[in-house]
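Spelled out from the first residue to the last, the chains are:
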Amino acid sequence: MEWNDLTEGAKAVLEQTRNMKSDQIQIVEFEIGFEHQYGEPGHEYTVSIQEEDYQSIKQFAEENEYGEKYHMARNKDIVKLILLEKGKIPDNLSEYPVFRQYKYEYVQKQKEAEEKERAEAEAEQEE
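Residues numbered from 1 in each chain as written. Predicted model: local features only at pLDDT ≥ 70, side-chain atom pairs only at ≥ 80, totals over all residues. Heavy atoms only, no water.

**Q** Mind laying out the confidence of the model for the protein chain, listing which residues take part and the relevant values?
**A** Summarising the model, the protein chain shows a mean pLDDT of 84, and 93% of its residues fall at 70 or more. When mean pLDDT is compared element by element in the protein chain, helix 2 (residues 51–63) scores highest at 91, while helix 1 (residues 8–19) scores lowest at 81. (pLDDT = per-residue confidence, 0-100. Helix = DSSP H or I, 4+ residues; strand = E, 2+ residues; numbered from the N terminus.)

Here it is in structure tokens:
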């Protein structure tokens, strides 16, 4: 399967495993049905990951022609995509942080943290 054959949502997920290749295993978690706008006003883009994107990623991971090895694990609508190092899953996988999350729960937590940070900054300015 060629890169151009992938759906847009699949490309968004897979690009995260390529953007920051390092000596570490890359883990991207996503939720099927996820849709969210990112970026600054005027430079916004939407990431949408639907069932067809999952199928596209799954096919790409199985037929990958680029020499990279992937492992996918799905639990209901939450999927972990792991770019493996040396082609195998390590025993201590839980020690590796998730590099990127496309999940509603994660977006909500980020939003709450930003609001808290903004409120604290405003409180400091009033003092």
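**Q** Please set out the environment of E51 residue by residue, giving values where relevant.
**A** Residue placement: E51 occurs in helix 2. The partly exposed category is assigned to E51, whose relative accessible area is 33%. Residues E51 and R118, 67 residues apart in the sequence, show an inter-C-alpha distance of 36 Å. Excluding residues within four positions of it along the chain, E51 makes contact with I32 and R74. Within the structure, E51 has its side chain in polar contact with the side chain of Q55 (distance 2.9 Å). (Buried < 20%, exposed > 50% of the residue type's maximum accessible area, 1.4 Å probe, protein only. Contact = heavy atoms within 4.5 Å. Polar contact = N/O pair within 3.5 Å; in protein donor to acceptor, adjacent residues only side chain to side chain.)

**Q** Run through the pattern of salt bridges, naming residues and quoting values.
**A** Per the counting criterion, the structure on display carries 6 salt bridges. For R74, the salt bridge is made with E51, and the minimal N-O distance between the two is 3.2 Å. Here the residue R74 occupies a position in strand 4 (residues 69–75), and E51 occupies one in helix 2, the gap between them amounting to 23 residues. (Salt bridge = Lys/Arg side-chain N within 4 Å of Asp/Glu carboxyl O.)

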